[in-house]
Amino acid sequence: MSYELLAPEIAVAALGLLVLAIGLLLPAHSRKAVGYLAVLGLAAVLVLVIANFNREAVFFAGVYQVDKYTNFFRILFLSAALLIFMMSSRYNHLFGERQGEWFSFMLFATLGMMIMVAAGDLITVYVGLELMTISFYVLSAYLFDDRLSAEAGLKYLIIGALSSAVLLFGMSLVYASSATTVFTEISGALGSGPEQPALLAGIVMLIAGLGFKISAVPFHMWTPDIYQGAPTPVTAYLSVASKAAAFSVLVRLFLSAFPGLSFDWHLVLAVLAALTIVIGNLTALPQTNVKRMLAYSSIAQAGYILVGLVAANSYGLKGLLFYALLYVFSNVGAFAVVTAVEVEEGDAELESFSGLSRRAPMLAAVLTICMLSLAGIPPLAGFAGKFYLFAGAIQAGYLWLAFIGLLMSMISVYYYLNVAKAMYIGASRREERLLVPTSVSTALWICLLGTVFLGVYPGPLSGLTELAIAIFSIG
Amino acid sequence: MSDFPILSAALLLPILGALLIMILPPRQESSIRAVAAVSTLASLLLSLGVCFGYDQAKGGMQFVESIPWVRDLGVSYALGVDGISLPLLLLTNLIGFSAVYASWHTEERVKEFFALLLLLISGVMGTFVATDLFIFFLFYEVVVIPIYLLVIMFGSSKRVTKEYAGMKLTIYLLIGSAFLLVGLIALFVKGQALLGFPSMDIGTLAGVDFPVTFQIFIYCLMAFGFGTLLSMFPFHAWSPDGYAGAPTAVSMIHAGVLKKIGGYGLIRIGLLLLPAGARYVAPLIAILALGNVVYAGIICLNQRDLKYIVGYSSVSHMGYVLLGIASVNLISINGAVMMMFAHGVMAALFFAMIGHLYQQSHTRNVGDFGGLAHQMPRLAVGFMLAGLASLGLPGTVNFIGEFTIFVGAFGVYNLLTILAISGIVITAVYILRTLGGVLFGPRRSEWDHLQDLRGVDLVPLLVLGGAILVGGILPFTIMDLINSGVGQLLVQIGPGSVGGIF
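Residues numbered from 1 in each chain as written. Chains lettered and ligands numbered in written order. Predicted model: local features only at pLDDT ≥ 70, side-chain atom pairs only at ≥ 80, totals over all residues.

Undergrad: Any chance you could explain the overall build of chain B here in plain terms?
TA: A count of helical and extended segments in chain B gives 20 helices and two strands. Its C-alpha radius of gyration of 21 Å places chain B within 12% of the 23 Å reference for a compact globule of 502 residues. Taking the principal axes of its C-alpha atoms as reference, chain B extends roughly 70 × 55 × 45 Å. Taking all 502 residues of chain B together, 61% fall into the buried category. (Helix = DSSP H or I, 4+ residues; strand = E, 2+ residues; numbered from the N terminus. Rg over C-alpha atoms; globule rule 2.2 N^0.38 Å. Buried ≥ 20, exposed ≤ 12 C-beta atoms within 10 Å, placed from the backbone.)

Written out as structure tokens, the structure is:
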């Protein structure tokens, strides 16, 4: 077995420990070095994954699978973490002496996600998920002096634990029906014919447990409070990467473990997706805090991504992967601007964004473009992603879902444009220019160019997603 | 020189201009204006070149460019023009060029204004030259956001606030486009199933024989999407408010060409790809068209704000275009395309004149004015030209369009056509009353300080007024071109009879 293909996971684990140790050893004034170390280390791992993109291996009889699908999501998680490290360089000062541990927890969360996507059996999924979730419990409460942050951490702990319990119970029921935890063996063991009620209950609980992580309606209640209370870079990471990780598990689980069920889980997911899109968008409309608005909008975005799994055909899955990646650029770009404003103004209320186009034209332009991409306005990446997703849905016969999705995404333009309106014609409380450090503006440029490039020329990424989904046998 | 990508050049020049403006320092206002003027002039000259270079004897799509873009969706960056798109391409550039001069005196945030305006012009142009559905839709939606920003940043608040007007316009158009997008994706998926390979090329999809019920369903979606854009009754409410709130240049482009994307889409995509659906739904469209002509016309009688008058009148006139499209024959569709061109130059000229007057007097209320022809004779010429064209006076290009539509439509819908012709009378009433009230009568000394058009202000009058007269006196210059395009399209969809829905 080619164990060197596990190097990315090992390297991230080692980097996490190293950052933790150095953060404790270095004197307080030179802790900045920890950030550089984390960024350089992650960049090196990213290069390693890209270099080995085409190499595949199965470890431990199907328990751990390194394939192109895994590599695609590894790239996604690593780039998201890198962008967030870069964009949070000023925000980190709020953490005081605990910067080192912050990087370390972020790295462990990344490691958890990488394990989740590669997991080929239920227990491994659970291990990865817990590693990620426990790191996030700590990260959400990382602003010690902030009441909202503490509340967010506690809420996430309680609700996260509950959802983990539901997920585990579901796994045990699936195990009871199939006598195995390895995905590929589950589908063989279940055979054909009507399913036992226990198995159905298990599948529903798996959907519910993972539904918490992707914040699908009706499991979304925790999202707004936690997204608003957690430190903004953590919120950004939570919204793009932890969702993508849960989606990567959902896709692998349903397509390799339950492909031939007579139980129509597509329809169940379709209803969830529709509810998620509608409720996410409608509750985002009246928000006056941009961070909270982005939290609701991220619920809606999860609904769009779920459409890809509902369709479960070539266009749908390509769309799912495409959207998950463009979501990294667009959403991290948006959160990077929110972070920069929050550092300067102290909050993320809509008034703080007033007149931003005069104080920092770059920030205003990036936020506008990223939000329009999330709304699916061409020629930005979000449009290409939605085109794939809904082409898949219509091909699979879910025309009504495409209607709901596209109509609601046009309605979402309303709340995104409200922010643009404040930035472009609002009067600002202060006049002086808003300073953007180099690392933040680099992250902004990457997000901006990524969003525009993927929208104008989606060809290369769609080729990549096609390679990644080749492991599934779909029509 | 034959393989020079002339359409791409015309399309990309304003975008390049916009990028250049973005990197210029905001203080260099005169160079910003110069960049805008030069890039739109270059596009105008290129599109004139395309007009003269187009071989009418050969017909069909010419100046074709095609680059594969997204393989698995069958998308290619494909451009081309025929007799239907060419007049509209020319119209876009005539109005785009004039719009730059009509907003020459913008003082605040000049950089943002011209960058967004150039993006808007490119977007509109792109929809007319794209021959790929994906690229078409891409350009179509690109225009929405610059318009929103232009309205809220540079618009004016009178009866409704500019924020309200901008948002109303944007949401209306986006919801229309959501239906359109569902229709396009369904068309693509179905086309792929029937063809066996993915394709977004309009020409390829036109060869596919879609099932009739499918055609009807998709055409209804398109009629809603494009109809909203064309301000089809009862989805027209955005249009008067939007124009009133928008700055002059946006009103010109919006009323002049953007609306015409709706009519163009109904012909190029609706009629060409879904002929059976188009014919089935046509009577319903014709009835809604009557709603446009009569209902909006009657509302117009009651308006006092100049922009609302032109806004409702443009809704009313779009009824003629819809009637022409709904009649599905060579003469009526020729008339519809001609009317789109004619109405475009006329409405743009009207809005340019209103813009100048408003900038000088800060009011648009008809009752506030009187005898302006004394102080502003050139402005009066522009108003008269636009107004007389609007009521379809022979000698103006609008007469040609309206007359052709009525001739073509009468054979199909006798009663509806007669009722629609009454729209001419309604138009005459409100236009003549407005022109008389604003321009003529005794000289009023409170307006003595107003400056007449001079220098660059004259450009919109000369360009657009010239187009109205040239098209009216020498109609064959444009009509032959349109005829070649429409003729070919009708041959392609084959014969058939209109009706079925009732």
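So that's the structure; there's more coming.
Undergrad: Would you explain the overall build of chain A in this entry?
TA: Looking only at helices and strands, chain A has 19 helices and two strands in total. For a compact globule of 475 residues, the expected C-alpha radius of gyration is about 23 Å, and chain A comes in at 21 Å, within 12% of that figure. A principal-axis box enclosing the C-alpha atoms of chain A has dimensions of 70 × 55 × 40 Å. Out of the 475 residues in chain A, the part that is buried amounts to 61%.

Undergrad: Would you mind showing me how to read helix α11 (residues 248-273) of chain B here?
TA: Taking 1.5 Å as the rise per residue, α11 of chain B with 26 residues should run 38 Å; its terminal C-alpha atoms sit 36 Å apart, in good agreement. Along its length, α11 of chain B shows its largest kink, about 40 degrees, at H254 of chain B. (Expected span 1.5 Å × (residues − 1). Bend = angle between axes of the 7 residues up to and from the residue.)

Undergrad: Sorry, what's going on with the pairing of strand β2 (residues 75-81) of chain B here?
TA: Successive side chains on a regular strand alternate, one facing one side of the sheet and the next facing the other. Residues and elements named next belong to chain B. Taking burial as the measure, the seven residues of β2 include five buried ones, the bulk of the element. Strand direction decides the pairing type here: strand β1 (residues 62-70) and β2, joined by six bridges, are antiparallel. Of the residues in β2, the one forming a bridge with I67 is Y77. Connecting β1 to the antiparallel partner β2 that follows it, the hairpin turn spans four residues, and G74 within it adopts a positive phi of roughly 65 degrees. (Pairing = 2+ DSSP bridges.)

Undergrad: Explanation requested: the nonpolar core in the structure shown.
TA: Generally speaking, nonpolar side chains in soluble globular proteins are found buried as a group. Core analysis: the largest hydrophobic core is formed by 393 residues, its most contacted members being V310 and V332 of chain A together with L117, I185 and V345 of chain B. A total of 21 residues in this core trace back to one element, the largest contributor, which is helix α13 (residues 314-345) of chain A. The contact partners of I185 of chain B, leaving out residues within four places of it in the chain, are F387, F390, A391, I394 and A402 of chain A. (Core = buried A, V, L, I, M, F, W, Y, C linked by C-beta atoms within 7 Å. Contact = placed C-beta atoms within 7 Å.)

Undergrad: Can you walk me through the environment of A57 of chain B in this structure?
TA: In this structure, A57 of chain B sits in the loop between α2 (29-53) and β1. Sequence separation between A57 of chain B and T228 of chain B is 171 residues, and the spatial gap between their C-alpha atoms is 36 Å.

Undergrad: Got a minute to help me understand the interface of chain A and chain B in this structure?
TA: Accessible area lost upon the coming together of the parts is a frequently used measure of interface size. Contact with chain A, which involves 25 residues of that partner, is made by 27 residues of chain B. When residues of the side of chain A that touches chain B are traced back to their parent elements, those giving at least two are α16 (381-395), α17 (399-425) and α19 (459-468) of chain A. Residue contributions to the side of chain A that touches chain B peak at twelve residues, all from α17 of chain A.

Undergrad: What's the story with helix α10 (residues 238-245) of chain B in this structure? I'm lost.
TA: The α-helix winds at 3.6 residues per turn, so residues separated by three or four positions along the chain end up facing the same way. Residue and element names in this part refer to chain B. The element α10 is extensively covered by neighbouring structure, given that eight of its eight residues are classed as buried. Within the span of α10, buried status applies to W238, S239, P240, D241, G242, Y243, A244 and G245. Summarising the contacts, the buried residues of α10 are in contact with α6 (144-154), α7 (162-195), α11 and α13 (306-327).

Undergrad: What is the right way to look at unusual backbone geometry in this model?
TA: Keep in mind that most residues, glycine aside, have a negative phi and that most peptide bonds are trans. Cis geometry marks the peptide bond from P378 of chain A to P379 of chain A, where omega comes out at 5 degrees. Look at the link from F233 of chain B to P234 of chain B: it is a cis peptide, with omega at 0 degrees. Relative to the helices and strands, P234 of chain B resides in the loop between α9 (212-229) and α10. Even without a glycine there, the phi angle at S215 of chain A is positive, about 50 degrees. Secondary-structure assignment places S215 of chain A in the loop between α8 (197-214) and α9 (223-229). The phi dihedral of S231 of chain B falls on the positive side, at around 55 degrees, and the residue is not glycine. Mapped onto the fold, S231 of chain B is located in the loop between α9 and α10. Take S231 of chain B: there are 28 C-beta atoms within 10 Å of it, and that puts it in the buried class.

Undergrad: Just checking my understanding: could you explain the packing of helix α17 (residues 397-410) of chain B against helix α18 (residues 414-439) of chain B for this structure?
TA: Two quantities define a packed helix pair, namely the angle between the helix axes and the distance between the axes. Residue and element names in this part refer to chain B. Running from N to C, α17 and α18 point in directions that differ by 155 degrees, and their axes come no closer than 8 Å. Taken as axis vectors, α17 and α18 run roughly antiparallel relative to one another. Between α17 and α18, the contacting residues are F406, A409 and F410 on the first element and N414, T417 and I421 on the second. For the contact of α17 with α18, the per-class residue count stands at four nonpolar, two polar and no charged. (Axes fitted to C-alpha atoms, helices over the stretch in contact; angles between N-to-C directions. Parallel < 35°, antiparallel > 145°, perpendicular 65-115°, else oblique. Nonpolar A, V, L, I, M, F, W, Y, C, P; charged D, E, K, R; others polar.)

Undergrad: What should I look at first to understand the packing of α13 of chain B against α17 of chain B in this one?
TA: All names here are of chain B. Between α13 and α17, the least distance of the axes is 9 Å, while the angle of their chain directions is 35 degrees. Here the hand of the crossing between α13 and α17 comes out left-handed. In contact with Y320, L323, G324 and S327 of α13, α17 contributes E402, I405, G408 and A409. Among the residues making up the contact of α13 with α17, the classes are represented as four nonpolar, three polar and one charged. (Left-handed = near helix turned anticlockwise from the far one by under 90°.)

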